[in-house]
Amino acid sequence: MNLGFNMKGSYTLRLLRKGRVVAERSFDNIITNGGLDQFMSGASALSRCYVGTGTSAPAVGNTTLATPLASTSGGTGATTANAGTAPYKNTYTRLFEFPLGAVVGNVTEIGVGWGSGLFSRALVLDGGGSPTALTVTASDILQVTYKIEQTPGVTSTTGSFLLNGSSLGYTARIINVTQNAFSYMATNGYMNPSFWAGVYETGTLAAITDAAPTGAGAGMNSSTNAAYTSGTYERSATISFALANGNFAGGIGSMVVVVGNGWTYHIVFASPIMKTASQTLSLGVKYSISQG
């Protein structure tokens with residue numbers, strides 16, 4: 001079963017002079033391929049901010065700024081939030097601050113990343129969306145706010161998978177949409193690469209705001225994560241339920257999967273999986289991420 005989501009980022013630059021904001025620029029960015037790899041591999045991807053004077057167009061293959069000028073890891077810690085109402089937008093926000101005099105020049109490009117790569121890169125844009133320069137003097141403090149946004153798709157999707165050689169259909173949808181899906185990122189700078197799952201007797205799809213399905217349920221016994229492969233932007237695992245778990249009288253009607261310590265998916269099977277105390281159940285799950 002394959003689940004997926006996308007995310008997009010944006011920058012806000014503020015120039016402070018004697019405690020006053022004297023200039024501000026806000027614009028979107030691209031998230032790089034290397035940034036997605038770092039993010040999905042379970043390593044910090046958002047620990048440093050870079051500014052430069054280059055003017056080449058951003059590309060998903062960028063690993064550094066075109067012409068680096070300065071960088072910093074200083075600033076406040078990250079914050080995360082769920083809007084709580086439709087469309088249930090989740091945000092991750094981190095503020096970087098360059099000390100007084102740390103940046104002097106005409107800043108035309110910006111990026112965030114880690115010590116040896118870029119998660120994103122953008123040209124500084126004016127209010128009309130055209131490339132421009134932000135002139136920073138020795139009397140200025142440059143603040144950079146980087147925000148990632150993720151809005152869940154709340155419509156149902158369908159698919160099928162093989163179980164003991166036979167095709168079994170399913171319907172899947174995100175639930176618990178008011179949860180803070182970026183909470184793990186606030187302290188770690190990346191999504192948790194692990195999975196959690198549980199099975200339920202119910203075969204009725206839960207509402208998108210429900211925390212979990214109602215009725216009898218059982219948690220997984222183990223989750224075996226596959227190694228991450230660069231360039232795939234996906235994580236997969238085998239979820240296992242042992243002899244004593246999930247032996248409901250009416251069979252297993254549905255399954256809940258939590259991906260990356262974030263979004264929760266409810267997956268309802270077209271017909272119940274009849275599991276007994278003499279059987280184990282192993283299911284393969286996968287989630288992917290994309291720029292959006």
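Residues numbered from 1 in each chain as written. Predicted model: local features only at pLDDT ≥ 70, side-chain atom pairs only at ≥ 80, totals over all residues. Heavy atoms only, no water.

Structural notes on the pairing of strand β20 (residues 264-273)
Rule in force here: Only protein chains enter the accessibility calculation, which uses a 1.4 Å probe; a residue is then buried when its area is under 20% of its type maximum, exposed when over 50%, and partly exposed in between. Here a helix means four or more residues in a row that DSSP labels H or I, a strand means two or more in a row labelled E, and each is numbered from the N terminus. Should DSSP find at least two bridges between two strands, the strands are taken to pair.
With seven of its ten residues buried, β20 lies for the most part within the structure. Two strands pair when backbone bridges link them, and strand β14 (residues 166-175) and β20 are joined in this way by six bridges, in the antiparallel orientation. From the neighbouring strand, arginine 173 faces β20, where its bridge partner is histidine 266. Here strand β19 (residues 252-259) runs beside β20; their pairing, made up of six bridges, is antiparallel. Bridge assignment links methionine 255 to a residue of β20, and that residue is isoleucine 267. Two successive antiparallel strands, β19 and β20, enclose a turn made up of four residues, where glycine 260 displays a positive phi of approximately 60°.

What about the side chain of serine 10?
Convention followed: We call two residues in contact whenever any of their non-hydrogen atoms come within 4.5 Å of each other.
Relative to the helices and strands, serine 10 is located in strand β1 (residues 2-17). A residue is classified by how much of its surface remains accessible, and serine 10, at 18% relative accessible area, is buried. Residues in contact with serine 10, not counting those within four places in the same chain, are Phe27, Asp28, Asn29, Thr145, Tyr146 and Lys147.

Observations concerning the sheet that holds strand β3 (residues 30-31)
Cut-off, in case you're wondering: The angle between two axes is taken between their N-to-C directions and runs from 0 to 180 degrees, where each axis is a line fitted to C-alpha atoms and a helix contributes only its stretch in contact.
Spatial strand order, β3-β10-β9-β4-β5: five strands in an open sheet with antiparallel pairing. Two strands bound the open sheet, and with one partner strand each, they are β3 and β5 (68-72). As judged from the four bridges shared by strand β4 (residues 48-52) and β5, these two strands associate in the antiparallel manner. Directly across from cysteine 49, in β5, lies its bridge partner threonine 72. Packing of helix α1 (residues 33-40) onto the sheet brings it into contact with β3, β9 (109-114) and β10 (117-123), and relative to β10 it is tilted by some 140°.

A closer look at the sheet that holds strand β15 (residues 195-200)
Pairing is antiparallel across the open sheet formed by six strands, whose spatial order is β13-β14-β20-β19-β15-β16. Of all strands in the sheet, those bounded by a partner on one side alone are β13 (157-163) and β16 (217-219). Here the average twist between neighbouring strands, direction ignored, is 25°.

A closer look at the pairing of β13
As paired elements, β13 and β14 share seven bridges and run antiparallel to each other. The residue of β14 that forms the bridge with threonine 157 is alanine 172. What sits between the antiparallel neighbours β13 and β14 is a turn of two residues, in which asparagine 164 has the positive phi angle 55°.

Here we look at the packing of aromatic side chains
Quick note on the threshold: Stacked, tilted and edge-to-face are the three classes applied to pairs of Phe, Tyr and Trp rings, where Trp contributes its six-membered ring and a pair requires centres within 6.5 Å; stacked means planes under 30 degrees apart, edge-to-face means over 60, and tilted covers the rest.
Considering all chains together, one arrives at seven aromatic pairs under this definition. Residues tyrosine 11 and tyrosine 146 carry aromatic rings whose centres are separated by 4.8 Å and whose planes lie at 50° to one another, so their mutual orientation is tilted. Here tyrosine 11, found in strand β1, pairs with tyrosine 146, found in strand β12 (residues 141-150); they are 135 residues apart in sequence, far enough to count as distant. Between phenylalanine 161 and tyrosine 170, the ring centres sit 6.1 Å apart and the planes meet at 40°, which makes this aromatic pair tilted. For the pair phenylalanine 161 and tyrosine 170, one class covers both residues: buried. Ring-pair connections join several aromatic residues into one group, and the members of that group are Tyr11, Phe27, Phe39, Phe119 and Tyr146.

Let's talk about the environment of threonine 202
How we decide: Polar contact is the term for a pair of N or O atoms within 3.5 Å; when the atoms are in protein, one must be able to donate a hydrogen and the other to accept it, and sequence-neighboring residues count only if both atoms are side-chain atoms.
As for its position among the elements, threonine 202 is in the loop between β15 and β16. In the structure, threonine 202 is positioned 20 residues away from phenylalanine 182 in sequence and 29 Å away in space, judged by C-alpha atoms. Setting aside residues up to four positions removed in sequence, threonine 202 forms contacts with Pro213, Thr214, Gly253 and Ser254. At 3.1 Å, the side chain of threonine 202 and the backbone nitrogen of threonine 204 are in polar contact.

Points about the side chain of asparagine 90
Tracing the chain through its elements places asparagine 90 in strand β7 (residues 90-98). What makes asparagine 90 buried here is its relative accessible area of 0%. At 2.7 Å, the side chain of asparagine 90 and the backbone nitrogen of alanine 181 are in polar contact. Beyond its immediate chain neighbours, meaning those up to four positions away, asparagine 90 contacts Ala81, Asn82, Ile148, Glu149, Gln150, Gln179, Asn180, Ala181, Phe182 and Trp263.

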